[in-house]
Amino acid sequence: VAMGPEPLADADTRPFWEAVAEQRLTVQRCGSCDRWIWQPRPLCPACHAPDPAWHDVTGEGHVVSWTVIHPPVLRAWAKDVPFAVLLVELVEGVRMVGRLDADDDFEQLAIGQPVTLRWRREGPTILPAWTTSGR
Amino acid sequence: VRHAVVAGVAALPYAKDIGMTERRAGALAILAALADAGLTAADVDGFVRSVWERTTEMEMARVLGVDNLRYFGAVDYGGGAGAPMVAQAAMAVEHGVADVVVVWRARNRGSGGRPWAAQLLAEGQDQFERPHGLVRPVDGMAIFARHWMHRYGWSREDLGRVAVLQRAHAQGNPAALMRDRPMTMDDYLGARMIADPLCLFDCCLETDGALALVLTTADRAAGLGASHDPVHISGYAWGSGSETYAMTSFYGSDLGTTPAKAVADELWRRTGLTAGDIDVAQLYDGFTPQVLVQLHEYGFCDEGQGPAYLGSDGAVGVNTSGGGLSEAYVHGFNLLVEGVRQVRGDAPNPVPDVRHCLVTSGNVVPTGAVVFSREPQ
């Protein structure tokens, strides 16, 4: 079975993927200066406090931009095309990449549209995805 | 004071399949550029390589029988590397670290397969992007493209202007891969989508190509007896911007402003020039929207006015060889060679009386730019 690219976690990113495996979306926030941090990193880039703590978030946000992917694609995704990949801004202010739920209509997407979190399975991997359909 | 010049350039004929290794193609391009300069491999004492070049500078030195490199170095970030490589070579020459520094790029991207198709482990920044589907360079670009189109009111026709303009330039360039393939706006709009809103003709070509530039001092070049004048390097700058990722700088506070803005500020500050002094521009064109954004980031027009600027009477010539979209795509090295030739006057579509040519590298990665000039600044 053809597989998509598999996330390769390291010590600085593993808490994110461990949470995702439990269907929790978690984002770092600096305990010293309260800044939300994405992508994950070992220090707060603003105040350099080590090991910013992970906080579970709802995944609610809005669409900042998106693309609809057409062939040629990886063999694993030949069954998926065309599909939309979103850039979402969470209510906490960080932006993340993830797919639009396959049941949603990408023709109806609009910048600024509210989205909520869904979970998507890709082979053995669980990944965050988003839907415009509300809950 | 040692002034750096480009004494020679060369490009092997571009092809979908060049029929030789990148090592061999690179060596042949370097020898041709040395001959263009009136130099030989025995004169070379420095190399600057792309980090993405599979032939190391040591291997190239062995292939060409070059003894003792007094300078060697490499620059990262794919299409962002070209102008910074020239700049690094210029610094080595200006500081007297080396006298004849070669910059080259050989890439079998036409025949050698698509790198993204083989990358099935997503490490570092990739782990948060690739598993979702942003795998090809065009995919991240398309996220930016929609953002810019929304922010500036650009239509697909506005992106298409870039593609159609450059395709027209290619018709006058015997070396351009698309020289016998004219394209109308209808052709553009009818092309299949690759990563919506970007279609096939928003994307650069997939090319095998090998190019080289030879840098030395103005004094050294003056005595070489080449058939053309050396081209002066009157300025260069690097820039990374903040919160920068390769192709996917989606997460910082200033979404949509590329590292080219920082490069432009630095370049104009260092040279005392402005976009108004530039007679012809080679703006990195992996994808059409990059050209439109650079037009305002380098100060040719107000923010978002790139499409109107391109159609205006006062617009400078942009990507006059056909560029990455219609001549060849070798990480922007053909733009560097074209820039040198425009200043020398031996470009295929010569712009009259060029004093300064701006050449930029990829603007959604850490990048740089260089100004090639007829006279020293």
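Reading the values: the criteria
- Residues numbered from 1 in each chain as written.
- Chains lettered and ligands numbered in written order.
- Predicted model: local features only at pLDDT ≥ 70, side-chain atom pairs only at ≥ 80, totals over all residues.
- Heavy atoms only, no water.
- Helix = DSSP H or I, 4+ residues; strand = E, 2+ residues; numbered from the N terminus.
- Buried < 20%, exposed > 50% of the residue type's maximum accessible area, 1.4 Å probe, protein only.
- Pairing = 2+ DSSP bridges.
- Contact = heavy atoms within 4.5 Å.
- Axes fitted to C-alpha atoms, helices over the stretch in contact; angles between N-to-C directions.
- Polar contact = N/O pair within 3.5 Å; in protein donor to acceptor, adjacent residues only side chain to side chain.
- Salt bridge = Lys/Arg side-chain N within 4 Å of Asp/Glu carboxyl O.
- Parallel < 35°, antiparallel > 145°, perpendicular 65-115°, else oblique.
- Nonpolar A, V, L, I, M, F, W, Y, C, P; charged D, E, K, R; others polar.
- Core = buried A, V, L, I, M, F, W, Y, C linked by side-chain atoms within 4.5 Å.
- Buried area = accessible area lost by both parts, 1.4 Å probe.

A.B. asks: How would you sum up unusual backbone geometry? Please name residues and give values.
C.D. replies: Only a minority of non-glycine residues have a phi that is not negative, and only a minority of peptide bonds are not trans. Going from A:Pro71 to A:Pro72, the amide bond is cis rather than trans, its omega being 5°. The residue A:Pro72 is located in the loop between β5 (61-69) and β6 (83-90) in this model. For the peptide bond that leads from A:Val81 to A:Pro82, omega is -10°, which places it in the cis range. Structurally, the position occupied by A:Pro82 is in the loop between β5 and β6. If you check the backbone angles, A:Asp34 has positive phi at about 70° while not being a glycine. With respect to the helices and strands, A:Asp34 occurs in the loop between β2 (25-29) and β3 (36-37). Given the relative accessible area of 48%, A:Asp34 is considered partly exposed. Within the chain, B:Asn319 stands out as a residue other than glycine whose phi angle is a positive 50°. If you trace the backbone, B:Asn319 turns up in the loop between β11 (317-318) and α11 (323-326). B:Asn319 sits in the buried class, given a relative accessible area of 0%.

A.B. asks: So what's going on with the sheet that holds strand β4 (residues 53-57) of chain A? Which residues, and what values?
C.D. replies: All names here are of chain A. Taken in spatial order, the three strands make up an open sheet running β3-β2-β4, and their pairing is antiparallel. With one partner strand each, in any of the chains shown, β3 and β4 form the two edges of the open sheet. The pairing of β2 with β4 spans five bridges and is classified as antiparallel. The residue of β4 that forms the bridge with Thr26 is Asp56. Contacts from helix α1 (residues 14-21) reach β2 and β4 within the one sheet, and its direction differs from that of β2 by about 155°.

A.B. asks: Which residues make up the environment of B:Arg146, and what values do they have?
C.D. replies: All names here are of chain B. Mapped onto the elements, Arg146 comes out in helix α4 (residues 137-152). Take Arg146: its relative accessible area is 14%, and that puts it in the buried class. For the pair formed by Arg146 and Ala308, sequence separation is 162 residues and the distance between their alpha carbons is 18 Å. Within the structure, the side chain of Arg146 is placed 3.0 Å from the backbone oxygen of Asp196, a separation counted as a polar contact.

A.B. asks: Go over the pattern of salt bridges with me, naming the residues and quoting the values.
C.D. replies: Per the stated rule, a full pass over the model turns up 28 salt bridges over all chains. Across the pair A:Asp80 and A:Arg99 runs a salt bridge, and its minimum N-O distance is 3.0 Å. Pair noted here: A:Asp80 is in the loop between β5 and β6 and A:Arg99 is in strand β7 (residues 95-100), with a separation of 19 residues, a long-range link. Classification of A:Asp80 by relative accessible area gives partly exposed; the value is 23%. One salt bridge in this structure joins B:Glu266 and B:Arg269, with 3.2 Å as the shortest N-O distance. Of this pair, B:Glu266 and B:Arg269 are both found in helix α8 (residues 259-271), three residues apart, which corresponds to roughly one turn of the helix.

A.B. asks: Go over the sheet that holds strand β4 (residues 101-108) of chain B with me, naming the residues and quoting the values.
C.D. replies: Residue and element names in this part refer to chain B. Taken in spatial order, the 10 strands line up as β3-β2-β4-β8-β1-β9-β13-β12-β10-β11 in an open sheet, and their pairing is mixed. Edge positions in the open sheet fall to β3 (71-75) and β11, since each of these has one partner strand only. Strand direction decides the pairing type here: strand β12 (residues 356-360) and strand β13 (residues 367-373), joined by five bridges, are antiparallel. Within β13, the residue paired with His356 across the bridge is Ser373.

A.B. asks: Would you mind going over the environment of A:Thr58 in detail, with residue names and values included?
C.D. replies: Residues and elements named next belong to chain A. Residue placement: Thr58 occurs in the loop between β4 and β5. On the basis of relative accessible area, Thr58 is assigned to the partly exposed category, the value being 46%. Expressed as a C-alpha distance, the spacing of Thr58 and Val94, which sit 36 residues apart in the sequence, is 12 Å. A distance of 3.1 Å separates a polar atom in the side chain of Thr58 from the backbone nitrogen of Glu60.

A.B. asks: Tell me what's going on with the environment of B:Met20, and back it up with residues and numbers.
C.D. replies: With respect to the helices and strands, B:Met20 occurs in the loop between β1 (4-11) and α1 (22-37). Setting aside chain neighbours within four positions, we find B:Met20 in contact with B:Leu12, B:Ala25, B:Leu28 and B:Asn108.

A.B. asks: An account of the packing of helix α5 (residues 156-171) of chain B against helix α9 (residues 288-297) of chain B is needed here, citing residue identities and associated values.
C.D. replies: Residues and elements named next belong to chain B. For the pair α5 and α9, the least separation of the axes is 8 Å and the interaxial angle reads 100°. Here α5 is positioned roughly perpendicular relative to α9, judged by the angle of their axes. Contacts from Asp158, Leu159, Val162, Ala163 and Gln166 in α5 reach Thr288, Pro289, Val291 and Leu292 in α9. Here the contact of α5 with α9 is composed, by residue class, of six nonpolar, two polar and one charged.

A.B. asks: Lay out the pairing of strand β2 (residues 46-50) of chain B with the relevant residues and their values.
C.D. replies: Residues and elements named next belong to chain B. Most of β2 sits inside the fold, with five of its five residues counted as buried. Both faces of β2 are covered, namely the face carrying Gly46, Val48 and Ser50 and the face carrying Phe47 and Arg49. In terms of strand pairing, β2 meets β3 through five bridges, oriented parallel. Note on β3: the bridge partner recorded for Phe47 is Phe72. Across three bridges, the pairing between β2 and β4 is parallel. Paired with Val48 across the bridge in β4 is Val103.

A.B. asks: Give me the nonpolar core: which residues, what numbers.
C.D. replies: All names here are of chain B. One finds Trp268, Phe300 and Leu358 to be the most contacted residues of the largest nonpolar core, which totals 91 residues. A total of nine residues in this core trace back to one element, the largest contributor, which is α4. When near neighbours in sequence (up to four residues on either side) are disregarded, Phe300 contacts Ala275, Ile278, Ala281, Leu295, Tyr309, Val316 and Leu358. Within the second largest apolar cluster, 41 residues are counted, among which are Ala4, Val9, Val103 and Tyr329.

A.B. asks: Break down the interface of chain B and chain A for me, citing the residues and quoting the values.
C.D. replies: Counting from both sides, the interface comprises 38 residues of chain B and, opposite them, 39 residues of chain A. Both sides together, the interface formed by chain B and chain A hides about 3300 Å², and carbon and sulfur atoms give 60% of it. Our count for the chain B to chain A interface comes out at one salt bridge. The partner of B:Glu243 in a salt bridge is A:Arg41, and the shortest N-O contact between them spans 3.0 Å. Scanning the region where chain B abuts chain A turns up 20 residue pairs in polar contact (both at pLDDT 80 or more). At the level of elements, β5 (121-122), α4 and β6 (193-196) of chain B are the ones that each hand at least two residues to the side of chain B that touches chain A. It is α4(B) that provides the largest number of residues to the side of chain B that touches chain A, a total of six residues. Taken together, the residues of the side of chain B that touches chain A break down into 18 nonpolar, 10 polar and 10 charged. Note: β5(A) against β6(B), two bridges, orientation antiparallel. From the neighbouring strand, A:Val68 faces β6(B), where its bridge partner is B:Asp196.

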